[in-house]
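Read off the chains here:
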Amino acid sequence: AWAEDDTIYFVKTFTSGLFAVSAAGGPSRQLTQPGSTPDDRAHLWPTVLPAGKGLIFTVWTGRSFQDARIEALSFDSGKRKVLIEGGTSARYLANGDLAYTRNGTLFLVGFDPKRLEIKGLRHRCSAVL
């Protein structure tokens, strides 16, 4: 994921966690480290939130990806927050929704990127992936 401030967020290996590096080059820095609990095995598919507030990403729990969760990482506090249990590949949309998949189905839910909070109800989209 490439942020407006020219920081690139990425995963080095499947279980390495999330890293950041300047687009101009230089050393990378680790942002997350999997393994804090038995169901925290890998951090995948980072997406930058608007205004540089943080990232959203998928946490693989070691079971099926249907049991994965979507978390947010606040750049201000450095803390992680669970947003959705049972979802993967979240993307923030310009209309204020968070799109994610579960079991081959696309879902949308309202999201406040400043407070890193879900707002409103989850909507199942009619398209199946």
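Given the structure is predicted, the values throughout are model-derived calculations rather than measurements. (Residues numbered from 1 in each chain as written. Predicted model: local features only at pLDDT ≥ 70, side-chain atom pairs only at ≥ 80, totals over all residues. Heavy atoms only, no water.)

This paragraph deals with the nonpolar core. The biggest cluster of nonpolar side chains holds 13 residues, and the ones touching the most others in it are Ile56, Leu83, Ile84, Leu98, Tyr100 and Phe111. Those elements that provide at least two residues to this core are β6 (69-74), β7 (80-85), β9 (97-102) and β10 (105-112). Once you skip the residues sitting within four places of it in the chain, Leu98 turns out to touch Ile56, Leu83, Ile84, Ala90, Arg91, Tyr92, Phe107, Leu108, Val109, Phe111 and Ile118. Counting 8 residues, the second-largest nonpolar core is a separate cluster that includes Tyr9, Leu18, Leu55 and Val59. (Core = buried A, V, L, I, M, F, W, Y, C linked by side-chain atoms within 4.5 Å. Buried < 20%, exposed > 50% of the residue type's maximum accessible area, 1.4 Å probe, protein only. Helix = DSSP H or I, 4+ residues; strand = E, 2+ residues; numbered from the N terminus. Contact = heavy atoms within 4.5 Å.)

Now for the pairing of strand β1 (residues 7-11). Across a regular strand the side chains alternate sides, sitting on one face of the sheet and then on the other. Sheet topology places β1 next to strand β2 (residues 18-22); 5 bridges connect them, and they run antiparallel. Each bridged residue has a counterpart across the sheet, and for Val11 the counterpart in β2 is Leu18. Counted between consecutive antiparallel strands, the loop separating β1 from β2 contains 6 residues, among which Gly17 sits at a positive phi close to 95°. (Pairing = 2+ DSSP bridges.)

Of note, Arg69 is situated in strand β6. Judged by its relative accessible area of 7%, Arg69 falls in the buried class. Polar contacts involving the side chain of Arg69 include one to the side chain of Asp39, which spans 3.2 Å. The contacts of Arg69, once residues within four sequence positions are left out, are Asp39, Asp40, Phe57, Thr58, Val59, Thr61, Arg80, Val82, Ile84, Glu85, Gly86 and Gly87. (Polar contact = N/O pair within 3.5 Å; in protein donor to acceptor, adjacent residues only side chain to side chain.)

A word on the sheet that holds strand β3 (residues 29-30). Taken in spatial order, the 3 strands line up as β1-β2-β3 in an open sheet, and their pairing is antiparallel. Looking at which strands have only one partner, the edges of the open sheet turn out to be β1 and β3.

To continue, consider a nonpolar patch on the surface. On the surface, Phe14, Trp45 and Phe65 cluster together into a nonpolar patch covering about 270 Å² of accessible area. Its location among the elements puts Trp45 in strand β4 (residues 42-48). You can call Trp45 partly exposed: its relative accessible area is 37%. (Patch = residues over 30% accessible without salt bridge, like charges linked within 9 Å, V, L, I, M, F, W, Y side chains within 5 Å. Areas by Shrake-Rupley, 256 points an atom, 1.4 Å probe, with all protein chains shown as cover. Salt bridge = Lys/Arg side-chain N within 4 Å of Asp/Glu carboxyl O.)

To continue, consider the pattern of salt bridges. Taken as a whole and judged by the stated rule, the model has 8 salt bridges. Taken together, the shared-partner salt bridges in this structure form one network comprising Asp39, Asp40, Arg69, Glu71 and Arg80.

Residues other than glycine seldom take positive phi values, yet Asp6 does so here, at roughly 65°. Note on placement: Asp6 falls in the segment before β1. Positive phi, close to 55°, is recorded for Ser89, a residue that is not glycine. Within the secondary structure, Ser89 is located in strand β8 (residues 88-92).

The next point concerns the sheet that holds β4. A sheet is described by the order of its strands in space; here 4 strands give the open sequence β4-β5-β6-β7, paired in antiparallel fashion. Edge strands, defined here as strands with exactly one partner in the open sheet, are β4 and β7. On average, adjacent strands in this sheet sit at an angle of 30° to one another, irrespective of strand direction. By the bridge criterion, 5 bridges tie β6 to β7 in an arrangement that is antiparallel. (Axes fitted to C-alpha atoms, helices over the stretch in contact; angles between N-to-C directions.)

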